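Breakdown of the fold
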Amino acid sequence: MLKKEWTEQGFIDEAVAEGTDLKKEIRSLCKEKNAVILAHYYTVGDIQDVADFVGDSLALARKAAETDAKMMVMCGVHFMAETCKLLSPEKTVLCPDLNAGCSLADSCKADDLKRYKEEHPGYQVVSYVNTTAAVKALTDVVVTSGNAKKVVDQLPKDAKIIFGPDYNLGNYINEVTGRKMLLWNGGCHVHERFSPAAIVKLKAQHPDAIVMAHLECKGPVLALADVKGSTADMLKYAGNSEAKQFIVATEAGILHELQRMCPDKEFIPVPPEITESGLECSCNECQYMKMNTLQKIYNTLKYEWPQIEIDPAIAKDAVKPIERMLALS
């Protein structure tokens, strides 16, 4: 297979011999190449099981930066691999499939944000970590769903703020802080689809269940939730709670880690309002996260491609709002 074909596909589509133990081969390549596997909570269970670290995007990037590994494979989506490269510029960062994008990151293009900033002089930009490096380079401070309130609370009360790209998260932060930030109209296609009616129905069927919802969900979904927060917040709450049933409104990949942590508890995924096929289903998944496969991880380690590279000028500016966030949080 030609490298040109690999480039056009965004991943190396090379078959492996039937019967190959991909997990074993991946771990062998990691040892040989001093590499670590990073898996987001939304990837499939097999990938989480083979990973060195499982977590949210920024936590994974920070964890990998602390290791002496020379190479990392970011099993998530493209902007997450960029964040890894920003925090570990001297290391090789691999992305199993360059086509694994993010609807939320894609909803805010750098050129559009630059133009919006020019139209609103005097405004600071607070950007969700789910953004490209180019957008981070135009940002004053980055936030995560777990620390957004804490960071925004530390900004001057009279600060003029543009918050993007997640409208739902920004709206929630406005509500709990009393701010009047200008909100970018972006969103995660997965979290936008959760059905409030399904939550009501599930709650009627499981009256003792705790409803947990990610802050990227729409207001009507958050209004029904007992626990509102990041994936890390949900994991912590479920681990500490005496409740035995949980209704979960975030990407279904989190159920693998929840069940691993709490094998004696039941986790019920909230379905989307409308599926792409028009049929009802019991879960809500991100097709981009699911583009990561064991075969792609094996091939990307074997050939050390695709590698993530960021323009040095963009990287220099993009890392600054992350460093400011870490200082504030």
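Scroll up a little and you will see the structure.
Overview of the overall build of the protein chain
Within the protein chain, the regular secondary structure consists of 16 helices and 12 strands. For 329 residues, the compact-globule estimate of 2.2 N^0.38 gives 20 Å, and the protein chain sits close to it at 20 Å. Across its three principal axes, the protein chain shows a C-alpha extent of roughly 55 × 50 × 35 Å. Buried residues in the protein chain amount to 54% of all 329 residues.

Topic: the pairing of strand 9 (residues 210-214)
Where burial is concerned, most of strand 9 is hidden: five out of the five residues are buried. Side chains I210, M212 and H214 project from strand 9 onto one buried face, and the interleaved V211 and A213 project onto a second face that is buried too. In this sheet, strand 11 (residues 245-249) lies alongside strand 9 in parallel orientation, the contact comprising four bridges. The residue of strand 11 that forms the bridge with M212 is V248. The pairing of strand 9 with strand 10 (residues 227-229) spans three bridges and is parallel. For H214, the partnering residue across the bridge sits in strand 10 and is G229.

Overview of helix 11 (residues 196-205)
Inspection of helix 11 places P196, A198, I199 and L202 among the buried residues, and these make up the whole buried set. End-on view of helix 11: buried residues confined to an arc of 155°, all on one side of the axis. In this structure, helix 11 carries A197, K201 and A204 as exposed residues pointing more than 90 degrees from its buried face. Considering only its buried residues, helix 11 is in contact with strand 9, helix 12 (219-223), strand 11 and strand 12 (266-269).

Structural notes on the pattern of salt bridges
A full pass over the atoms with the stated rule returns 14 salt bridges. Of the charged contacts in the structure, one is a salt bridge between R27 and D52, with a shortest N-O distance of 2.8 Å. Taken together, the positions of R27 in helix 2 (residues 22-33) and D52 in the loop between helix 3 (45-50) and strand 2 (53-55) put the pair 25 residues apart, joining distant regions of the chain. When its relative accessible area of 31% is taken as the criterion, R27 is described as partly exposed. K149 is paired through a salt bridge with D153; the nearest N and O atoms lie 2.7 Å apart. Residue K149 and its partner D153 are both found in helix 9 (residues 148-153); the two are separated by four residues, about one turn of the helix. Relative accessible area serves as the criterion here: at 39%, K149 is assigned to the partly exposed category. One connected set of salt bridges, linked through shared partners, spans K23, D46 and D49.

Some thoughts on the sheet that holds strand 12
Read from one edge of the open sheet, four strands run 10-9-11-12, paired in parallel fashion. The open sheet has two edge strands with one neighbour each: strand 10 and strand 12. Each adjacent strand pair in this sheet contributes to an overall mean axis angle of 25°, direction not counted.

Some words on the side chain of H189
Tracing the backbone shows H189 in the loop between strand 8 (182-183) and helix 11. Judged by relative accessible area, which is 19%, H189 ranks as buried. One polar contact links H189 to S103, side chain to side chain, over a distance of 2.8 Å. A polar contact is formed between the side chain of H189 and the side chain of Q287, at a distance of 2.8 Å. Apart from residues lying up to four places away in sequence, H189 is in contact with S103, C286, Q287 and Y288.

A word on the environment of N185
When you line up the elements, N185 lands in the loop between strand 8 and helix 11. The exposed category is assigned to N185, whose relative accessible area is 70%. Remark: the alpha-carbon pair of N185 and I12, spanning 173 residues in sequence, is separated by 35 Å. Not counting residues up to four positions away in its chain, the partners in contact with N185 are P165 and Y167.

Basis of the calculations
- Residues numbered from 1 in each chain as written.
- Predicted model: local features only at pLDDT ≥ 70, side-chain atom pairs only at ≥ 80, totals over all residues.
- Heavy atoms only, no water.
- Helix = DSSP H or I, 4+ residues; strand = E, 2+ residues; numbered from the N terminus.
- Rg over C-alpha atoms; globule rule 2.2 N^0.38 Å.
- Buried < 20%, exposed > 50% of the residue type's maximum accessible area, 1.4 Å probe, protein only.
- Pairing = 2+ DSSP bridges.
- Arc of directions from axis to C-beta.
- Contact = heavy atoms within 4.5 Å.
- Salt bridge = Lys/Arg side-chain N within 4 Å of Asp/Glu carboxyl O.
- Axes fitted to C-alpha atoms, helices over the stretch in contact; angles between N-to-C directions.
- Polar contact = N/O pair within 3.5 Å; in protein donor to acceptor, adjacent residues only side chain to side chain.

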